[in-house]
Amino acid sequence: LGGRLQDIMDRIKGKGKVTEQDIKEMMREVRLALLEADVNFKVVRQFIKDVSERANGADVMKSLTPGQQVIKIVQEELTSLMGGENSKINMSQKPPTVIMMVGLQGAGKTTTAGKLALLLRKSYNKKPMLIAGDIYRPAAIDQLETIGKQLDIPVYSMGDKERVETIVENGLKYARENHLDTVIIDTAGRLHIDEDLMNELKNVKEIAKPNEIMLVVDSMTGQDAVNVAESFNNLLDITGVTLTKLDGDTRGGAALSIRSVTEKPIKFIGVSEKMDGLEAFHPERMASRILGMGDILSIIEKAQMNVDLEDQAELEQKLKENTFTLDDFLAQMDQVKTLGPLDELIKMMPGANKIKGLDKVKMNGKEIDHVQAIIRSMTMEEREKPEKLNISRKRRIAAGSGRSLQEVNRLLKQFNEMKKMMKQFTNGKGKKKNPFGGM
Ligand code: GDP
Ligand code: MG
């Protein structure tokens, strides 16, 4: 979706005068892009109608930068389509907060239960506990227990011989007695929605009185994901959605349609198989990412878990003022290196989808070391003003870092593109909110 819309946006961005014909053409492309991304056709129709109405309004036509205005409208409408604001977990006034995971088999319930427990402990200082409520596949209990061990989070299990209702009841009692303030119940899934499953889930809901019924949906299932969300919502009255596997070759359509079909918020997205691969869902950022502006705030949020707040404030300031230098880039890489798969982080950077060949670049630790070696071989002045690098300086840097001239050039080119995109992204953007907010 990103690439296609991005091209349209680029075409219209510089326009000093936008005609009705331009807007019509743009809307046709937007419609195609959305349909291609598996967005529900009813949702697309409404979206196009809303955007066209606003785009044809007098204030846009009279504006000095109509092209930009139209883009802003598309972004705003995309954002509102996905719910507008980030929605937090529903917390109970009286602990424990109970979160029930539901969804089809393979959607990512068990994995997400673990990720969510980790996130709640790490970012919200909660004391979570997991309940092994999938008794139909013996491997499911093992899987949850392994995750619990790995994260050092207690898992309440009674094996697979008891009824789920009993397990949940006893689990909740255990949590209360041991002052564990957040209970996440992993439940069984099926390949398809069936009555047995739904009855069991309804019983668990009755007993657990969850504050949150979190539907976990595999984003790779496209239009199916929307149907699944609709059915679960009709039967269980879910309170939130986690969209998993957005790291894959996923089309973003599900994120766009689920909210408008169920009217329930997407609260989290799964972005990797690893336990730290769960992020708060921010409609505005998702809209920006879809429009190719990158997702700098998500990067910052992720980095925040591991790095000093002061450093981050400084970085943001630099991004805003566009005084981000190669030296900052170097420091940033150091921080980011501890965060896991770097290619994913880099891809979230503004304009990353425009950097040629980036999708083919696997930025492993070694390659980061190489890039860092190159920057370290520059003088401070060169790091601040890379445009001053002539060929002999570049040769010196290549020799000093033990890398090729080609690699030096590639780094400089990529850095330039990145800066350009960052500038675009931060222009006219407001101040940043506390990424973790209050819950
Ligand atoms: P469940 O049957 O709903 O409990 O699904 P699981 O939690 O067992 O997950 C099924 C598979 O999807 C596992 O291999 C997970 O590692 C994988 N998975 C879950 N969430 C994500 C995600 O966000 N990204 C990726 N790449 N894989 C995921
Ligand atoms: Mg499971």
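These numbers were taken from a predicted model, which means no experiment stands behind them.

(A) Structural context of the overall build of the chain. What the chain contains, in helices and strands, is 20 helices and eight strands. Taking all 439 residues of the chain together, the buried fraction comes to 42%. Taking as baseline every contact in the chain between residues at least 6 positions apart, the subset at least 24 positions apart corresponds to 75%.

(B) View of the UniProt feature "domain: SRP54-type proteins GTP-binding" (unreviewed entry) in the chain. The UniProt feature table records "domain: SRP54-type proteins GTP-binding" (unreviewed entry) at residues 265-278. Secondary structure across residues 265-278 comprises 0% helix and 43% strand; the distance between its end C-alpha atoms is 16 Å.

(C) Looking closely at the environment of Lys 385. By the element assignment, Lys 385 lies in the loop between helix H18 (380-384) and helix H19 (391-401). Taking C-alpha positions, Lys 385 is 8.5 Å from Leu 326, a pair spaced 59 residues apart along the chain.

(D) Representation of the sheet that holds strand S5 (residues 212-218) in the model. Here eight strands make up an open sheet; going across it, the order is S3-S2-S4-S1-S5-S6-S7-S8 and the pairing mixed. Among the strands making up the open sheet, the edge pair consists of strand S3 (155-156) and strand S8 (278-280). Sheet analysis places strand S6 (residues 240-244) next to strand S7 (residues 266-270), joined by three bridges and oriented parallel. Paired with Leu 243 across the bridge in S7 is Ile 269. Docked against the sheet, helix H6 (residues 109-124) engages strand S1 (97-102), strand S2 (128-133), strand S4 (182-187), S5, S6, S7 and S8, running at close to 170 degrees with respect to S4. Sheet strands in contact with helix H9 (residues 195-208) are S1, S2, S4 and S5, and its direction is about 175 degrees off that of S1.

(E) Seen up close, the site of ligand 1. Surveying the vicinity of ligand 1 reveals 19 residues, the closest of which are Gly 108, Lys 109, Thr 110, Thr 111 and Gly 270. Here the element with the most residues in the shell around ligand 1 is H6; it accounts for three residues.

(F) How the structure looks around the pairing of S6. Burial within S6 is extensive, with five of its five residues counted as buried. Where S5 meets S6, five bridges bridge the pair, whose relative direction is parallel. Along S6, the bridge assignment pairs Asp 218 with Thr 244. In this region the chain leaves S5, passes through helix H10 (residues 223-236) and returns to the parallel neighbour S6; the handedness of that crossover is right-handed.

(G) Up close: unusual backbone geometry. The residue after Pro 95, namely Pro 96, is reached through a cis peptide bond having omega 0 degrees. With respect to the helices and strands, the residue Pro 96 is situated in the loop between helix H5 (66-81) and S1. One non-glycine residue, His 179, lies in positive phi territory at about 55 degrees. Structurally, His 179 is set in the loop between helix H8 (164-177) and S4. A residue is classified by how many C-beta atoms lie within 10 Å of it, and His 179, with 9 of them, is exposed. Even without a glycine there, the phi angle at Glu 263 is positive, about 60 degrees. Structurally, Glu 263 can be placed in the loop between helix H11 (253-262) and S7.

(H) Fine view of the packing of helix H2 (residues 20-36) against helix H3 (residues 41-55). With their axes 10 Å apart at the nearest point, H2 and H3 run at an angle of 155 degrees to one another. Accordingly, the angle class assigned to the pair H2 and H3 is roughly antiparallel. Relative to H3, the crossing made by H2 is right-handed. Of the residues in H3, those touching H2 at Ile 23, Met 27, Val 30, Arg 31, Leu 34 and Leu 35 are Phe 41, Val 44, Phe 47, Ile 48, Val 51, Ser 52 and Ala 55. Considered class by class, the residues forming the contact of H2 with H3 number 11 nonpolar, one polar and one charged.

Analysis parameters
The residue numbers shown here count from 1 along each chain, following its written sequence. Note on labels: chains are lettered from A, ligands numbered from 1, in written order. Restriction of local features to residues with pLDDT of at least 70 applies here, the model being predicted, together with a cutoff of 80 or more for giving and counting side-chain atom pairs; totals for whole chains, interfaces and linings are based on all residues. Numbering goes from the N terminus for both helices and strands, where a helix is a DSSP run of H or I of at least four residues and a strand is a run of E of at least two. Each residue is classified by how many other C-beta atoms fall within 10 Å of its C-beta atom, where C-beta atoms are placed from the backbone; a count of 20 or more means buried, 12 or fewer means exposed, and values in between mean partly exposed. For the purpose of contact definition, each residue receives a C-beta atom placed from its backbone, and two residues are in contact when these atoms lie within 7 Å. UniProt positions are given in the numbering used here, feature names are shortened, and annotations may be inferred rather than shown by experiment. Pairing between strands is defined by DSSP: at least two bridges between the two strands are required. All axes are obtained by fitting lines to C-alpha atoms, using only the stretch in contact for helices, and the reported angles, taken between N-to-C directions, cover 0 to 180 degrees. In this analysis, residues qualify as near a molecule or strand once their C-beta atom, positioned from backbone atoms, comes within 6 Å of it. A clockwise path from the first strand over the helix to the second, with the strands pointing away from the viewer, defines a right-handed crossover. Just so you know how the angles are binned, under 35 degrees is roughly parallel, over 145 roughly antiparallel, 65 to 115 roughly perpendicular, and the rest oblique. If you view the pair so one helix is near and one far, a crossing is left-handed when the near helix is turned anticlockwise from the far one by less than a right angle, and right-handed when it is turned clockwise. Ten residue types, Ala, Val, Leu, Ile, Met, Phe, Trp, Tyr, Cys and Pro, are classed as nonpolar, four, Asp, Glu, Lys and Arg, as charged, and the remainder, Gly among them, as polar.

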